[in-house]
Each structure stands twice: as C-alpha cells, then as structure tokens.
Amino acid sequence: MGADIIEGCAMMEKSDTNTNTNSKVSCLTVKQGEPTLVCPTEETAKGLYYLSNLDQNIAVIVRTIYCFKSDEKGNENAGEVIKDALRKVLVHYYPLAGRLTISSEGKLIVDCTGEGAVFVEAEANCKMEEIGDITKPDPETLGKLVYDIPGAKNILEMPPLVAQVTKFQCGGFVLGLCMNHCMFDGIGAMEFVNSWGETARGLPLTIPPFSDRTILKARSPLKIEHLHQEFAEIEDKSSISDLYKDEMLYRSFCFEADKLEKLKKTAMDDGVLEKCTTFEALSAFVWRARTKALNVLPDQQTKLLFAVDGRPKFNPPLPKGYFGNGIVLTNSICQAGELLEKPFSYAVGLIQEAIKMVTDGYMRSAIDYFEVTRARPSLSSTLLITTWSRLSFHTTDFGWGEPVLSGPVALPEKEVILFLSHGKDRKNINVLLGLPASAMKVFQEQIMQV
C-alpha cells in the first residue's frame with residue numbers, strides 16, 4: 001500500500017456561553033506514510049492476557065489528539081523520538097503489542113503475540129493553528145490526524161494501539177492515538193501516555209503499570225446484590241430517536257469558573273443540600289437542559305449515566321498504576337417532568353445519591369451481573385456524561401513541552417456529553433455535545449440564562 005493522501009474541508013464552530021459563534025473553514029490535507037509495526041525492544045510475556053468484566057463492558061474505540069509545538073526545537077525528528085520511545089515503553093505495557101481475540105468463554109482477551117503497535121508518520125499541508133478549533137470534536141478534520149486500519153470491520157481487526165505523528169509546516173506536530181477502551185480507562189490511558197513521554201525524555205516511569213487484571217474476577221459464587229439500572233432499557237415514549245434523524249450540530253460550550261460557582265450556589269440556595277461539587281452541579285444542569293431541549297414528555301423516564309473511578313473505592317483499593325478499567329457506571333433515573341419541575345437541588349441530589357451508591361459491594365455486584373447477563377449498559381432515553389476534566393493529559397511531555405491542546409476526535413455516541421478542563425489554570429470546563437439542530441437552539445438558550 002502506498003502513501004495515502006487525505007483531504008477535505010470542515011466547518012469549525014465554537015460557541016462560548018455568550019451568543020457569539022465564530023466559524024472558520026479549515027482545509028487540511030494529510031499525506032500519510034507507510035504504516036509500520038513497533039515491537040517491544042525486549043522479549044515480553046506471550047500467551048493470553050485476561051481482561052476483566054469492567055474492560056468487556058466498554059470495548060469502544062477512542063481517538064485522541066495531542067498538539068505539540070516548541071520554540072526551542074522543530075519537528076524534524078519527532079516521529080523517530082516517539083517511535084523509539086514506544087518500543088521501550090511497550091516492554092512495560094506489552095499487551096498493547098498483542099491482538100484482541102475471543103476467549104473460550106466468549107469474552108474479549110488479548111493474545112500477547114508481541115507483533116507490535118501500528119505507527120504512521122504523516123505530513124500536513126498547513127500550520128497547526130490553521131486546523132481551527134480542536135476544542136470541539138470534529139471527526140471530519142481531526143480524523144485525518146489519526147490512522148484508521150484500512151478495511152477493519154470490527155475491533156478484533158484493529159490493533160489495541162495505533163499511533164500517527166503528523167508534522168505541520170510551523171514546526172509543530174500532532175500525536176493522534178486510536179486505542180481500544182477495553183485496554184484502559186481515562187486514568188490508565190493518561191498514565192500510559194505520560195509514561196511514554198517520560199521514556200522519550202530518558203526518565204524512569206513515575207507510575208509503572210500494574211498488569212494483573214484477575215484481581216477483578218467475578219466472585220464464586222456470584223452475588224448480584226444491586227438493581228443495576230444502568231443496564232435498564234427505557235421505553236422511548238417521546239420518540240427522541242426520530243429527532244436524531246435531523247441534521248446534527250456539534251458544539252463546545254465553555255463554562256468559566258464564575259459560572260460554575262454560580263451553578264453550585266444555585267444548587268444550595270434552597271438549603272436542601274449541605275455541599276455540592278462542580279461535577280454534580282454541571283451534570284445536573286446539562287441533564288436538565290438536554291431533557292428540555294429534546295422536548296421529552298413529562299411522564300417519560302430519563303436516565304443519567306456517568307463513570308465513577310472505582311480505584312479508591314474497592315476494598316482493598318486497586319494498586320497504584322492499575323493498567324485496566326477501574327471505572328464503573330452509576331445511574332440516576334427519574335421522570336422528565338420531575339427533573340424539570342422540581343428545584344435544581346433535586347437533580348443534584350439524585351447525582352449525589354448515584355455517587356454514594358458506588359461501594360466495593362456495588363462494583364463487585366456489577367462485575368458479577370455482567371458474568372451472568374453479558375449485558376451492556378443501554379443508552380435508550382439516556383444521557384451518558386464522560387468527564388476528562390480531572391485527567392492530566394495536558395502534562396504529557398515527549399521533549400517538546402506540554403501539549404498546546406489535547407482532546408478527543410469525536411464523541412463516541414450521540415447520547416454522550418464530554419467535560420474537558422480548559423484555560424490556563426484548568427478551572428474552566430468545556431462541555432462538548434451533539435444535538436439535532438432544533439434541540440441545540442433550545443439548549444443554547446438555557447445556557448445563556450446561567
């Protein structure tokens with residue numbers, strides 16, 4: 001296969017919480033070189049590598065990009081440095097050099113073949129700042145910065161890790177990663193990318209990976225002690241799925257620190273709650289705003305799903321550097337009418353209860369529930385909030401300093417809203433979402449009122 005040239009234009013839009021929307025047309029052409037396989041520098045363990053039930057649950061592909069630019073040095077040897085460091089870091093993270101397959105139990109498992117991660121070097125036809133606003137997922141433009149395996153029909157045909165380094169004419173470069181969520185959650189991925197950066201700078205790993213995932217095996221005998229409504233299929237009485245057939249708009253809304261404080265204050269105004277975090281207030285706000293924007297019927301049930309980091313909540317806590325998924329989904333369910341008509345503190349209270357529900361017993365029960373049902377969380381009449389605002393991807397350094405920007409290429413599903421930290425001291429939060437055009441107008445109107 002020869003070098004690939006990908007080109008196209010995309011409309012970039014960013015909305016802040018004021019009314020102005022700036023738009024910029026970006027035409028990005030990327031010339032990709034031949035993909036190569038990058039194997040660990042040393043012999044690593046072979047054979048089958050166990051993935052826990054928390055890994056099985058979210059085997060989706062996550063594409064992210066990291067933009068680097070240094071005043072001190074150009075991008076001439078960026079590909080070489082990052083590729084060389086990948087060889088070395090794969091010794092510690094050897095399952096990433098293997099391939100996904102199906103176990104005798106019909107579950108995902110890694111065959112540690114050592115054949116390597118896929119690596120591609122590429123060149124762009126412009127300066128990095130010309131690609132427009134990457135604070136908003138835009139698969140059309142940003143997708144060119146991540147290599148897709150040609151003809152791959154499912155995740156078994158995609159290596160767990162694919163990396164592309166794209167050099168720009170300004171001396172900057174972008175690292176685009178395509179990784180399977182079954183290999184790690186946000187914290188695990190962040191620790192891996194930061195370890196890769198440390199290796200590139202000749203440093204030892206601050207957090208070496210803990211690789212044994214059998215510590216999260218289902219219990220024997222199995223004990224399902226909770227309802228696990230995260231898996232519940234809710235009837236779509238309001239025909240929300242029909243709305244989604246309309247034109248979709250993707251926007252990013254920046255909530256500055258003062259707006260976030262105001263939301264927290266509003267949540268506590270009626271004296272029902274003793275405390276309220278930024279995550280709780282912002283989640284309650286977008287759950288209500290999206291429910292209203294989609295014109296959900298008052299008697300329609302609506303579900304909020306979000307991940308809680310289980311690492312400190314397991315008993316004993318998961319070891320430092322645990323390499324797999326340590327997150328568990330928790331949920332709140334109520335009728336749309338109640339959500340919108342009751343005070344703001346009601347929605348925040350539901351979220352607080354959902355967080356409190358996540359104990360060692362709840363998480364072990366969720367692991368056992370999957371063992372019995374093999375069910376995946378249902379997204380019907382659901383909002384799934386995924387928060388990257390607490391992840392320190394911005395600290396990754398391959399020798400060119402920290403990324404000037406980093407973020408996802410696309411939202412994984414239409415039901416997903418993403419929180420990303422933003423700004424110099426990372427006190428602001430960017431809320432990224434996609435909605436049908438008619439609903440986006442209503443959503444935006446509610447944001448203006450904060």
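To keep things clear, this report deals only with the structure shown in the data block. (Residues numbered from 1 in each chain as written. Predicted model: local features only at pLDDT ≥ 70, side-chain atom pairs only at ≥ 80, totals over all residues. Heavy atoms only, no water.)

Turning our attention to the sheet that holds strand β16 (residues 416–422). Within the open sheet, the six strands sit side by side as β11-β17-β16-β14-β12-β13. Their pairing is mixed. Strand pairing shows two members of the sheet lacking a second neighbour, β11 (248–255) and β13 (327–335), which therefore form its edges. Averaged over all adjacent pairs, the angle separating strand axes in this sheet is 20°, with direction ignored. Sheet topology places strand β12 (residues 301–309) next to strand β14 (residues 382–387); four bridges connect them, and they run parallel. Considered in β14, the bridge of Leu305 is made with Leu384. Its contacts with the sheet place helix α7 (residues 278–293) against β11, β12, β13, β14, β16 and β17 (428–436), and it is angled at close to 145° to β14. (Pairing = 2+ DSSP bridges. Helix = DSSP H or I, 4+ residues; strand = E, 2+ residues; numbered from the N terminus. Axes fitted to C-alpha atoms, helices over the stretch in contact; angles between N-to-C directions. Contact = heavy atoms within 4.5 Å.)

The next point concerns the pattern of salt bridges. All told, the structure shown has 19 salt bridges when counted by the stated rule. For Lys237, the salt bridge is made with Asp299, and the minimal N-O distance between the two is 3.5 Å. Of this pair, Lys237 sits in the loop between α4 (186–200) and α5 (240–243) while Asp299 is found in the loop between α7 and β12, placing the two residues 62 residues apart along the sequence. For Lys237, a relative accessible area of 40% puts it in the partly exposed group. In this structure, the salt-bridge partner of Glu338 is Lys342, at a minimum N-O distance of 3.4 Å. Among the residues examined, Glu338 registers a relative accessible area of 30% and is labelled partly exposed. (Salt bridge = Lys/Arg side-chain N within 4 Å of Asp/Glu carboxyl O. Buried < 20%, exposed > 50% of the residue type's maximum accessible area, 1.4 Å probe, protein only.)

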